[in-house]
Amino acid sequence: MRVTETDWQRLCQQYMMPMAGSRLPLTLVRGEGCLVWDDQGREYLDFVGGWAVNSLGHCPPVTVNALREQAATLIHVSNQFYTIPQVQLARLLVENSCLDKAFFSNSGAEANEGAVKVARKYGKLHRNGAYEVITALSSFHGRTLAMVAATGQPKYQVPFTPLPEGFTHVPYNDIAALKKATTDNTCAVMLEPLQGEGGVNVPDLDYFPAVRRWCDEQGLLLILDEVQTGLGRTGTLWGYQQLGIEPDVITLAKGMASGVVIGALLAKESCAVLSPGDHAHTFGGNPLACAAAYATVSHMLENDIPGQACRVGDYFLDRLNDLRDPLPVVAGARGWGLLLALEFNEDIAEEVQVACMQRGLLLNRIRPNLIRFMPPLIATEAVVDRALAVLKAVLAERGR
Ligand SMILES: Cc1ncc(COP(=O)(O)O)c(C=O)c1O
């Protein structure tokens, strides 16, 4: 018996726990470049990009080939042995960043857990046992219990109290608040270079240099959560390059391996304090995931994908801001590279998202009045124009 579209969605409701957000009524079965298709054969332009994961587009041949080859060679062995893809990937990331040592996890949240362990151990070794990490309000650091505690948004915390201790939250972009919150118990500051999930909040130019100076003066580690901003998303390889500073630790995940499960923690030599057994995962950094990440990141570097994201992102941002004049409902656009948001003066994001989906454009709504764009970094101006045409038509129609 042929299973229909509605059956997959009904079966999902029957057999799966409901996921955090609400799913859109689409069953996606195939992807290529910036496009995906549903089980009815309908085509969509994907400007969600797997939540900033599909940086090289869907099923990029370079990653697919690396996966095929690695899957036929060695998928997994335990981390009790050396493997070549893991070392190759570590070297690639280290040699192309300001960091010195790598550790691989399976997700962004786990990479952040590792970063907090680095901070706490550093506190024990160098700051008289200081253990508190200062993070920002409106931040997002993942959904393990400690990362829920680190995340500065009560909606993720309330159902799960009591939360692990050791996190203090301050307003983002407010150096005075950060200074005031620092105590003898503080060992690190953990921030996103640009807050993604929290609303695509862009920091002032002087904020991060001031944070860096404060951390240096106080002997605190500066951890940047680059799970979303890392690897070309903001128009430079690393989000920290937008800030004009060097962090002590960064965490990565989303765009690393074209959708294969992996995360990473990179640290300066001076704070790479984890010893064998301090932090580990059964699957973390296995040969298959590392081969996919190595192929993905090498392709990004060889083809200046961050440069393309910068050029196309600037073009997209300008065109989005151009919408303000003809469409009073548009408040404005913001962001870096291909991590952008469009804000409305009314709570119409859901209506816009659904109408765009019906016309073949997939979007991510993060607030009742905010749409976030995270298309593949290989998107061209022509792809952006196609998305804009749908968005304009939808906004014009509702104005009528
Ligand atoms: C900045 C940031 N940190 C951490 C995470 C969590 O990553 P993961 O979902 O891979 O655990 C996310 C996910 O959206 C994120 O945007």
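The text that follows walks through the structure, step by step, so that each part is easy to find. (Residues numbered from 1 in each chain as written. Predicted model: local features only at pLDDT ≥ 70, side-chain atom pairs only at ≥ 80, totals over all residues. Heavy atoms only, no water.)

Counting buried positions along strand 8 (residues 221-225) yields five of five residues, so the element is predominantly enclosed. Side chains Leu221, Ile223 and Asp225 of strand 8 all project onto a buried face; the interleaved residues Leu222 and Leu224 project onto the opposite face, where all are buried too. Examined bridge by bridge, strand 7 (residues 186-191) and strand 8 share four bridges and lie parallel to one another. Its bridge partner lying in strand 8, Val189 is registered against Leu222. Assessed by its sense of winding, the connection that carries the chain from strand 7 through helix 9 (residues 207-218) to strand 8 is right-handed. Alignment of strand 8 against strand 9 (residues 249-252), held across three bridges, turns out to be parallel. Across the sheet, residue Leu224 finds its bridge partner in strand 9, namely Ile250. (Buried < 20%, exposed > 50% of the residue type's maximum accessible area, 1.4 Å probe, protein only. Helix = DSSP H or I, 4+ residues; strand = E, 2+ residues; numbered from the N terminus. Pairing = 2+ DSSP bridges. Right-handed = clockwise from strand over helix to strand, strands pointing away.)

The next thing to look at is the pattern of salt bridges. Scanning all chains against the criterion turns up 13 salt bridges. Between Asp278 and Lys121 there is a salt bridge, and its shortest N-O distance comes to 2.6 Å. In this pair, Asp278 is assigned in the loop between strand 10 (263-267) and helix 11 (287-302) and Lys121 in helix 5 (residues 108-126), connecting sequence segments 157 residues apart. The exposure class assigned to Asp278 is partly exposed, which follows from its relative accessible area of 26%. (Salt bridge = Lys/Arg side-chain N within 4 Å of Asp/Glu carboxyl O.)

Moving on to the sheet that holds strand 2 (residues 35-38). The sheet built from four strands is open, its strands ordered 1-2-3-13 with mixed pairing. Strands with a single pairing partner mark the edges of an open sheet, and in this sheet they are strand 1 (28-32) and strand 13 (361-362). As defined by bridge partners, strand 1 adjoins strand 2 across four bridges and the pair is classed as antiparallel. For Glu32, the partnering residue across the bridge sits in strand 2 and is Leu35.

The next subject is the site of the ligand. In the vicinity of the ligand, the contacting residues are Ser107, Gly108, Ala109, Asn112, Phe140, His141, Gly142, Glu192, Asp225, Val227, Gln228 and Lys254. Gly108 places a main-chain nitrogen or oxygen 2.8 Å from an oxygen atom of the ligand. Within the contact set of the ligand, a nitrogen atom lies 2.7 Å away from a side-chain nitrogen or oxygen of Asp225. Burial of the ligand by the protein amounts to 80% of the accessible area it has alone, namely 390 Å². It is helix 5 that contributes the most residues to the shell around the ligand, three residues altogether. Of the residues assigned to the shell around the ligand, the class counts are three nonpolar, six polar and three charged. (Near = heavy atom within 4 Å. Polar contact = N/O pair within 3.5 Å; in protein donor to acceptor, adjacent residues only side chain to side chain. Areas by Shrake-Rupley, 256 points an atom, 1.4 Å probe, with all protein chains shown as cover. Nonpolar A, V, L, I, M, F, W, Y, C, P; charged D, E, K, R; others polar.)

This next bit is on the side chain of Thr234. With respect to the secondary-structure elements, Thr234 resides in the loop between strand 8 and helix 10 (240-243). On the basis of relative accessibility, which here comes to 2%, the residue Thr234 falls in the buried class. Sequence-distant contacts of Thr234, that is, excluding residues within four places in its chain, are made with Thr229, Gly239, Gln242, Trp336 and Gly337. (Contact = heavy atoms within 4.5 Å.)

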